[in-house]
Amino acid sequence: MAIRYELRQRGKGMRKCKICGGSRALIRSYKLYVCRRCFRENAERLGFEKLS
Ligand SMILES: [Zn+2]
């Protein structure tokens, strides 16, 4: 049942933060698929300057 749910999620829209798994304020613009919070925390690591 849990597995089934996961597959379903994966099948349709993977709009989840790939770092924390949350789906809040997700940034898809740069094909990052991370939420805003994780983006800020990992911006430098991801090769972005501070964009605040
Ligand atoms: Zn996140």
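This structure is a prediction, so every number in the text was calculated from the model and none was measured. (Residues numbered from 1 in each chain as written. Predicted model: local features only at pLDDT ≥ 70, side-chain atom pairs only at ≥ 80, totals over all residues. Heavy atoms only, no water.)

Undergrad: With reference to specific residues and values, describe the coordination of the zinc ion.
TA: Within the first shell, the zinc ion binds the protein through Cys17 (SG), Cys20 (SG), Cys35 (SG) and Cys38 (SG), at distances of 2.2 to 2.3 Å. Here the zinc ion binds 4 donor atoms, and the angle range of 103 to 118° at the metal identifies the geometry as tetrahedral. Each donor residue of the zinc ion lies on the same chain, and together they follow the pattern C-x2-C-x14-C-x2-C. Of this pair, Cys20 sits in the loop between helix H1 (2-11) and strand S1 (26-27) while Cys38 sits in helix H2 (residues 36-42), placing them 18 residues apart in sequence. (Donors = N, O, S within 2.8 Å, 3.2 Å for Na, K, Ca; no water. Tetrahedral: all angles 85-135°; square planar, octahedral: opposite > 155°, others 65-115°. Helix = DSSP H or I, 4+ residues; strand = E, 2+ residues; numbered from the N terminus.)

Undergrad: An account of the nonpolar core is requested, with residue identities and associated values reported.
TA: One recurring pattern in soluble globular proteins is that nonpolar side chains are buried together. Counting residues in hydrophobic clusters, the biggest one holds 8 residues: Cys17, Leu26, Ile27, Leu32, Val34, Cys35, Cys38 and Phe39. When residues of this core are traced back to their parent elements, those giving at least two are S1, strand S2 (34-35) and H2. Excluding residues within four positions of it along the chain, Cys38 makes contact with Cys17, Ile19, Cys20 and Ala43. (Core = buried A, V, L, I, M, F, W, Y, C linked by side-chain atoms within 4.5 Å. Buried < 20%, exposed > 50% of the residue type's maximum accessible area, 1.4 Å probe, protein only. Contact = heavy atoms within 4.5 Å.)

Undergrad: If you had to explain the pattern of salt bridges to someone new, which residues and values would you point to?
TA: Applying the stated criterion to the full structure yields 1 salt bridge. One salt bridge connects Glu41 with Arg37, and the closest N-O pair in it is separated by 3.6 Å. Of this pair, Glu41 and Arg37 are both found in helix H2, 4 residues apart, which corresponds to roughly one turn of the helix. An identical accessibility class is assigned to Glu41 and Arg37; each is exposed. (Salt bridge = Lys/Arg side-chain N within 4 Å of Asp/Glu carboxyl O.)

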